[in-house]
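Descriptive analysis of the structure
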Amino acid sequence: MKFLPLLLLLLQPGRCVQVAPDERTQLRIHRDRLKRDVLTNQQQEAEEAARGDGIAIRSYRVESRITARFAQTTVRSSAVNSGSKHQILGFDVLVPKRAFISNFTMNVNGMIFVGAVKEKAVARNLFNQARAKGKAAGIIRTNSPDLDKFRAEVVVPAGSAVEFELHYQEMLQRKLRFYALALHLHPGRPVPSLQVDVYVYEPEGVSSVYHTNSFQWQHPDAFTVTTTQNKAHVVFKPNLQQQRTCDNCTENAVDGVLTVKYDVNRESSAGELQVSDGHFVHFFAPSNLPRLPKNIVFVIDVSGSMWGVKMKQTVEAMMTILDDLDDDDNFNVIDFNHVARCWSEELVSASSLQIDAAKTHIQNIQPKGGTNINEALMRAIQMLDKLSPVNPNAVSMIILVSDGDPTVGEIKLNTIQRNVKRAMREDYSLFSLGIGFDVDYAFLERIAVENRGTAQRIYGNQRAAEQLRTFYSQVSSPLLRRITVQFADDSVSDVTQNRFDKYFDGSELVVAGKVRPSAGNTLSSFTTASASHMDLTLEADASVTELDKELAKQAHSFTGFARQMWAYITIKQLLADRSMATTATKKKKITQRILTLAVEHQFVTPLTTLLVESSDGAERLLASSPKGHEQGCCPGPGGSTSPGKSQVQLVYQPPPWVQMTTPAPPSQAAKGPEEWALPGTVNLVDNDPHFIIHLPLSDEDVCFNIDSKPGHILSLVSDSGTGLVVNGQLIGAKRPDEGKLKTFFGIISVFYQPGTIAVIVSPDGIAVSDGRKQRRFPWGETAAVRLDGVRLVIVKDSRVSIAVGDDAEVIVLLHRAWKRSPVNVDFLGVYMDNKNRYSPAVHGLIGQFSREPEVTVSDIHDGADPLKKEATMEVKGNRLEVTRGWQKDYRADRKRGSDVYCWFVHNSGKGFIDGHYSDYIVPGLDSFLPPP
């Protein structure tokens, strides 16, 4: 029986598919297994946990072969549809952003699919030919700061099996004296055969190796580490019981990151030169050198968008960073919003007295106003220019910390970029740290790379302070300046970047190239650099043939590492050059070079595509790669799509009364799951139910709970002027918890009167009606629908966006509870952008705040809880006692949520909302509030 058509192949950020158990369809496979093996009762129970919905995952294997810092990782999984009807089988792999996918293969019931990297134009033509014949699946897309999610889904008949295999390659970077390989393991459930093997082969020897993980349930005996002089082997092989979150649980504990860290022996300060397969790689990481003094200016964004947790964690990190300065360092602090303010008129020595004064200044910063990045950076450069006397051994740098785009002064990014480069004159380095998800990271990265620095995204969560400190640790100890790695002219060609502005302790500089036949039997490198009070010239040499002989003896080494590493480094550097090309001709030339290398070395890059074909060529899938950070970064509602992006493939047959959006609407329709862009500010209600109202004018978040009863319908937005109604019906938990029965939104209704359109969202699905006919969509589909001015975008098992014209958008998030939970139930969260436009007649628990009330908060003081401040709030003629606390926003992380710092109004919002909360109870899901 021929397998059913392929459904969808995605490369995107997000979570792995979780499939619920179906015991009836599992018994048949289990009986077959009993014929081959006799399992204990405990093993049988664990075996059941590996199956669900008639889908049994047989094995999940990950293998990484690291040779001289270059890793080739293979992820394999096999599954079977043991049900009585066709099923959707999925395969998910989280791939590091720095890695290049090199191949993907599938075996679907005996039909083999093999991938090949091609130029996008060539691959798209082949794909379009297949699509015209109905033989093509969806297009792979991506959009994530650090990880890409590779996802393949295929429909397979009952009794059929599928095997997936993904390959990707990456060069490991040395940071803080270690190389780290991070493997993101998400098998989805306990698996009968789960194993991870990490093989390390370093020609100069492995000095140390260890592993960490973020799994919920720790079983040290599931790990085995063996090492020899130049090899290491880390094995993670948990049995079914060890894969559970606890002894009596059925949830999968292997859901997180397994990190293998190691370092190598370094016998020579000249570095390590490796030659293999006609290519060379030179690693340079000297130590035991005196640290160079620093002239450093910290430029900190203190605009209004930094208010709350971002500023708190930035201040916390700066306290530690300032303590790390040495006596011979000079520093200053510039904080900026719409204007730039210097803590000191000039750089000062890092004495304890000056550091304490700088700490006090930073702790007293109150974020507000706009963002004038251009002025702040110009002031920092001028301050470094004025430094006298100049220490020729010192390293001068600027560290910029910002969370947003320029909004004041010079706001054109290209102009700011030119201004900074012209003023820096290659004398200083700029390091950019982008905090949060809404930052224009591509811009920060460009100005850093163009000015001999680097950029890093800092996520605005509870670990932001740690991320800031870690980044500073990587650049806090410069050891060398003006480093050049050279070779005899006739011995090498196609050399990657070989001149570096500085070298920091704990890192590594890498140069690669091709070896000419004229090099002879030995290749030599010459490295020159300036250290503290001295200049260095170091020489290293290596045999041209010896390493290849040794690699042939090593069963688990990656013999093609040097060739692939050279291509990897070259392509990365060309991509950076392309992004900063000043002319179309130069950009075209670089593009062609990237295409040639990527196809030759089979790397999926932003300019190439992985075309996956069946052995007979009848079925094709197209896999694209990220275009860069400018495409956006993060989960969240309210993103827009650019022209030319492909729309989401529908996985159902739409009814005749639904108008399909062609092209995709300017919403999330053209995006894969978890690819939406977060609106800057929203009003939301989630959980039990917690309301968070953002007040843009005062830049405050105010929270309150509604303690009502199951069955009650609450008016969220009631706008008789536009005919829009958003109501939510409460449901109760399964039973009281600590004497209280929690309530949640179980139904959200969006009713639009002009077109008599109703959208009813519940954990069971989404119903859309035009007053005559109704269509239901399950949560297990991804779809985009347009109906009489209402646009509906459903993202599978995640959320639904309902946009009414161009005026308002409502995003509803789905929260799934553990099915066996004795208390929790499935429920919904509601999120509305502050930019929604309503008529003057709007009201409701959320709608009333489209007219922002004047709010004054005073008398802030410590409360009964030392972590929660208390204050007096004056609003709507009322004086309220409020408490500073945290509530959750689940847009970016639906499992754990992100914290929102807000003033909490007690007694169901009394005094903050108009009237009493009971005034907002309406009789039906489509009911408007009665006029006041």
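Keep in mind the model is a prediction, meaning the values are calculated, not measured. (Residues numbered from 1 in each chain as written. Predicted model: local features only at pLDDT ≥ 70, side-chain atom pairs only at ≥ 80, totals over all residues. Heavy atoms only, no water.)

1. A word on the sheet that holds strand 29 (residues 499-504)
Which entries qualify depends on this criterion: Strand pairing is assigned whenever DSSP detects at least two bridges linking the two strands. Only DSSP runs of H or I reaching four residues or more are called helices, and only runs of E reaching two or more are called strands; each is numbered from the N terminus. Only C-alpha atoms enter the line fits that serve as axes; for helices the fit covers just the stretch in contact. Angles between N-to-C directions range over 0 to 180 degrees.
If you walk across this open sheet you meet the 4 strands as 29-27-31-32, and the pairing is antiparallel. This sheet does not close on itself; its edge strands, each paired only once, are strand 29 and strand 32 (534-543). In this sheet, neighbouring strand axes are inclined to one another by 30° on average, regardless of whether the strands run parallel or antiparallel. Summarising the sheet, strand 31 (residues 522-531) and strand 32 pair through 10 bridges and their orientation is antiparallel. Considered in strand 32, the bridge of Thr528 is made with Thr537.

2. Quick word on the sheet that holds strand 18 (residues 272-276)
The pairing of strands in a sheet happens through backbone hydrogen bonds and is either parallel or antiparallel. Taken together, 4 strands build an open sheet; the order of strands is 18-19-30-28 and the sheet is antiparallel. Edge positions in the sheet fall to strand 18 and strand 28 (492-493), since each of these pairs with one other strand and no more. Here 5 bridges tie strand 18 to strand 19 (residues 279-284), and the two strands are oriented antiparallel to one another. The partner of Leu273 across the bridge, within strand 19, is His282.

3. Concerning the pairing of strand 38 (residues 713-719)
Operational definition: Relative accessible area decides the class of each residue, using a 1.4 Å probe on protein chains only: under 20% of the type maximum gives buried, over 50% gives exposed, and in between gives partly exposed.
Here strand 38 lies mainly inside the structure; 7 of its 7 residues are buried. As paired elements, strand 38 and strand 53 (residues 921-922) share 2 bridges and run antiparallel to each other. Pairing of Leu714 across the sheet is with Ile921, part of strand 53.

4. What about the side chain of Glu63?
Here is the rule: Whether two residues are in contact is decided by their heavy atoms: any pair within 4.5 Å suffices.
Here Glu63 lies in strand 3 (residues 55-67). Look at Glu63 and you get buried, because its relative accessible area is 17%. Those residues in contact with Glu63 that lie beyond four places of it in its chain are Gln72, Thr73, Thr74, Arg76, Asp197 and Tyr199.

5. Concerning the state of the cysteines
For clarity, the threshold we go by: When two cysteine sulfur atoms are found within 2.5 Å, that pair is recorded as a disulfide.
The full count for this structure, using the stated rule, is 1 disulfide. Covalently, Cys703 is tied to Cys902 through a disulfide, its sulfur atoms 1.9 Å apart. Where Cys703 bonds to Cys902 through sulfur, the torsion about that S-S bond is close to -120°, and the disulfide is left-handed. Here Cys703, found in strand 37 (residues 700-705), pairs with Cys902, found in strand 52 (residues 898-905); they are 199 residues apart in sequence, far enough to count as distant.

6. So, helix 4 (residues 309-323)
Three or four residues apart is the spacing at which side chains of an α-helix point the same way, because the helix has 3.6 residues per turn. Under the convention used in this document: The span expected for a helix works out to 1.5 Å for each residue beyond the first.
With 15 residues, helix 4 ought to run about 21 Å at 1.5 Å a step, and its terminal C-alpha atoms sit 22 Å apart, in line with that. The buried count for helix 4 comes to 11 of 15 residues, which makes it a mostly enclosed element.

7. What to know about the pattern of salt bridges
Here is the rule: Salt bridge criterion: a side-chain nitrogen from Lys or Arg within 4 Å of a carboxyl oxygen from Asp or Glu.
This structure, assessed with the given rule, holds 36 salt bridges. The salt bridge partner of Arg69 is Glu272, with a shortest N-O separation of 3.0 Å. Within this pair, whereas Arg69 is found in the loop between strand 3 and strand 4 (70-81), its partner Glu272 is found in strand 18, the two being separated by 203 residues in sequence. Assessed through its relative accessible area of 7%, Glu272 is described here as buried. For Glu550, the salt bridge is made with Lys553, and the minimal N-O distance between the two is 4.0 Å. Placement of the pair is Glu550 and Lys553 together in helix 10 (residues 546-553), with a separation of 3 residues, close to one helical turn. Note on Lys553: relative accessible area 64%, which makes it exposed. Counted as one network, the salt bridges with shared partners bring together Arg69, Arg174, Glu202, Asp263, Arg266, Glu272 and Glu508.

Any functional reading would require information beyond the geometric quantities listed.
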